[in-house]
Amino acid sequence: MNSGLPAVPANRREAGFSLPEMLSVLVATVMFSGLIIYFAFSFWSSTATLENDMSAYVSRLNAGDILRDTFNESSGMIIQNSLEDNNTHKPDAA
């Protein structure tokens, strides 16, 4: 009786991969996947740390600007960039 199925190969060892071959491929795949996930989370963590450091740095710069503006207004100091310079385009006397 032929049910339409292909005939079984004469030697079963040639039919596919062996168990040790499949396990070694599986182990290698899991190791590389683990490394990729580890490096992705490491990069994500360092990016978040850098972003937090940058925001702290910017807030410190802003605080310095606020203090500088406050002290300059209260002390009556002159901002030198607002003073006019009459000698900008005149050469120095040699």
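Residues numbered from 1 in each chain as written. Predicted model: local features only at pLDDT ≥ 70, side-chain atom pairs only at ≥ 80, totals over all residues. Heavy atoms only, no water.

All right, on to the overall build of the protein chain then. Counting its secondary structure elements, the protein chain contains 1 helix and 0 strands. Residues counted as buried form 0% of the 94 residues belonging to the protein chain. (Helix = DSSP H or I, 4+ residues; strand = E, 2+ residues; numbered from the N terminus. Buried < 20%, exposed > 50% of the residue type's maximum accessible area, 1.4 Å probe, protein only.)

This part is about a nonpolar patch on the surface. Together, Leu19, Leu23, Leu26 and Val30 give the surface a local cluster of nonpolar side chains, amounting to about 410 Å² of exposed area. Inspection of the secondary structure puts leucine 23 in helix H1 (residues 19-75). The partly exposed category is assigned to leucine 23, whose relative accessible area is 45%. (Patch = residues over 30% accessible without salt bridge, like charges linked within 9 Å, V, L, I, M, F, W, Y side chains within 5 Å. Areas by Shrake-Rupley, 256 points an atom, 1.4 Å probe, with all protein chains shown as cover. Salt bridge = Lys/Arg side-chain N within 4 Å of Asp/Glu carboxyl O.)

For the rest of this paragraph, the subject is the packing of aromatic side chains. Scanning the entire structure with this criterion turns up 2 aromatic pairs. Aromatic pair tyrosine 38 and phenylalanine 39: ring centres 5.3 Å apart, planes at 65°, arrangement edge-to-face. You can call phenylalanine 39 exposed: its relative accessible area is 53%. Ring geometry for phenylalanine 41 and tryptophan 44: centres 6.0 Å apart, planes at 70°, overall edge-to-face. (Phe/Tyr/Trp six-rings, centres within 6.5 Å; stacked < 30°, edge-to-face > 60°.)

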